Amino acid sequence: MTRLGLIAGNGKFPFLVLDAARAQGFEVVVAAIREETSAAIESYGAASVHWVSLGELSKLIDTFKAEGVSRAIMAGQVKHKQIFSAIKPDWRLAKMLLSLGTRNTDSLLGAVAKVLADEGIMLENSTALLEPLLAKTGVLSKRAPSQQERKNIEYGRAVGRRLAEYDIGQTVVIAEAACVAVEAMEGTDATIERAGELMRSLQSEGEASTLSRALSVVKIAKPRQDMRFDVPVIGVKTIEMMARAGAGCLAVDAGRCLLLDGEAVTRAADEAGIAVCAEECFVGRRVFMSAA
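The shown structure was predicted, so the numbers you read here are calculated from the model rather than taken from an experiment. By convention here, each chain's residues receive numbers from 1 onward along its written sequence. Given that the model is predicted, a residue must reach a pLDDT of at least 70 before its local features are reported, and side-chain atom pairs must reach 80 or more before they are shown or counted; all residues, however, enter totals for whole chains, interfaces and linings. The side-chain quantities take in all heavy atoms of the structure and omit both hydrogens and water.

Once that is clear, we can look at helix α3 (residues 91-98). Buried means the residue's accessible area, taken with a 1.4 Å probe over protein chains only, is under 20% of the maximum for its type, while exposed means over 50%, and partly exposed covers the values in between. Counting from the N terminus, the helices are DSSP H or I runs at least four residues long and the strands are E runs at least two residues long. Buried within α3 are the following residues: R92, L93, M96 and L97. Projected down its long axis, α3 carries its buried residues within an arc of 130°, all on one side. In α3, the exposed positions angled more than 90 degrees off the buried face are occupied by W91, K95 and L98. Contacts were defined at the residue level, with two residues in contact if any of their heavy atoms lie within 4.5 Å. The inward-facing, buried residues of α3 contact α2 (57-66) and α4 (105-118). The N-capping residue of α3, defined by a side-chain oxygen 3.2 Å from the backbone nitrogen of R92, is D90. Directions drawn from the helix axis to the C-beta atoms are what define this arc. Each polar contact in these results corresponds to two N or O atoms within 3.5 Å; when the atoms are within protein, one needs to be able to donate a hydrogen and the other to accept it, and residues that are neighboring in sequence are counted only if both atoms are side-chain atoms.

On to the confidence of the model for the chain, then. Per-residue confidence for the chain gives a mean pLDDT of 88; residues scoring 70 or more make up 90%. Scored below 50 in pLDDT, residues 283-292 makes 22 contacts in the model with residues more than four places away or belonging to other chains. The quantity called pLDDT is the predictor's confidence in a given residue, expressed from 0 to 100.

In this section: the side chain of S58. Take S58: it is sitting in helix α2. The exposure class of S58 is buried, given its relative accessible area of 9%. Beyond its immediate chain neighbours, meaning those up to four positions away, S58 contacts D90, W91 and R92.

Attention now goes to the pairing of strand β8 (residues 178-182). By the convention used here, strands pair only if DSSP detects at least 2 bridges between them. Inspection of the sheet shows strand β7 (residues 171-175) paired to β8 by 4 bridges, in the antiparallel sense. Across the sheet, the residue bridging to I174 is C179, located in β8. Here β7 hands over to β8 after 2 residues, with E176 in that stretch at a positive phi of 50°.

Within this document, salt bridges are pairs made up of a side-chain nitrogen of Lys or Arg and a carboxyl oxygen of Asp or Glu, the two lying within 4 Å of each other. Under the defined criterion, the tally for this structure stands at 16 salt bridges. For E27, the salt bridge is made with R3, and the minimal N-O distance between the two is 2.9 Å. Of this pair, E27 sits in strand β2 (residues 27-33) while R3 sits in strand β1 (residues 3-8); the two residues are 24 residues apart in sequence, bridging distant segments of the chain. On the basis of relative accessible area, E27 is assigned to the partly exposed category, the value being 28%. Of the charged contacts in the structure, one is a salt bridge between R3 and E67, with a shortest N-O distance of 2.4 Å. You can see R3 sitting in strand β1 and its partner E67 sitting in the loop between α2 and β4 (71-75), a full 64 residues away along the chain. R3 gets classed as partly exposed once you look at its relative accessible area, which sits at 24%. Here the residues in one salt-bridge network are R150, R157, R161, D253 and E279, joined through shared partners.

Below, the discussion takes up the packing of helix α7 (residues 236-245) against helix α8 (residues 263-272). Axes here refer to lines fitted to C-alpha atoms; in helices the fit is confined to the stretch in contact. Angles between the N-to-C directions go from 0 to 180 degrees. Running from N to C, α7 and α8 cross one another at 15°; their axes reach a closest spacing of 8 Å. Put simply, α7 runs roughly parallel to α8. Where α7 crosses over α8, the handedness of that crossing is right-handed. Taken together, the residues of α8 that come into contact with α7 (itself represented by V236, I239 and A243) are A264, V265, A268, A269 and A272. As a working rule, the residues Ala, Val, Leu, Ile, Met, Phe, Trp, Tyr, Cys and Pro are called nonpolar, Asp, Glu, Lys and Arg charged, and the rest polar, with Gly in that last group. By residue class, the composition of the contact of α7 with α8 is 8 nonpolar, no polar and no charged. Small angles under 35 degrees read as roughly parallel and large ones over 145 as roughly antiparallel, with 65 to 115 read as roughly perpendicular and the rest as oblique. Throughout, a crossing is termed right-handed when the near helix is turned clockwise from the far one, and left-handed when it is turned anticlockwise from it by less than a right angle.

On to the environment of G160, then. Its location among the elements puts G160 in helix α5 (residues 147-165). In the structure, G160 is positioned 60 residues away from I220 in sequence and 6.6 Å away in space, judged by C-alpha atoms. Excluding residues within four positions of it along the chain, G160 makes contact with V172 and I220.

On to the side chain of S141, then. Note on placement: S141 falls in the loop between β6 (138-139) and α5. S141 sits in the buried class, given a relative accessible area of 9%. A polar side-chain atom of S141 sits 2.7 Å from the main-chain carbonyl oxygen of R143. Within the structure, the side chain of S141 is placed 2.8 Å from the backbone nitrogen of V276, a separation counted as a polar contact.

This is the structure we're talking about:
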């Protein structure tokens, strides 16, 4: 039976990959990130589970080699702020970090992918086993975006694309074609929460008369999105956070964003009256279509 390595971060994503890989006949060797991965991964049917710290790149490589792994998938979030926390890099990671000109997500994970490839371990696209969960083109909820929300989406996509070019973040929150919040290291849910708090504070101070509190969330793929890592994901928790923040619309890129909880996402959106849509992603002359 073919062996597949899984570098597991936090959230539901690693569990979905593990399920899909086992269903397709793979034996899965999990490298669970100590600072991020749920302990539940231990009892989820992997051939073996090995715990590694974020700083232990050599241990990760040695583990996969000992287990006969030559192909791997990276799935699950690693909080960007963890990269700047008190982790202790081993010699291999320290050497890699010193070679980087910038330390954004693309450069860091791209460098890790290169080190793995040099050691005979190839990273596969993280969505390769989960294509049915990629957002399909069109309105995914019962309610379609309003005319104002469409304007928010158009503006949000323009802002988001420029930010993504610099690998700053993939989410922006818009109200009446004004940018309320942009994502950086804090992640999507924290960005939405911050936008909601800002709008509430404006209302309490009587300063929101010219700005509707109705927020639209736009989450986009990077112009040169590497599908091996940092793929945009949406789950039920994101919808719940939007409802608490007063956000009424969510727009994502078709075929480039994973709906981790499948129909549960649209069900939660419908219950909250949130419009969800996915549009084709135009990048230069390339068009990324839905996986449908």
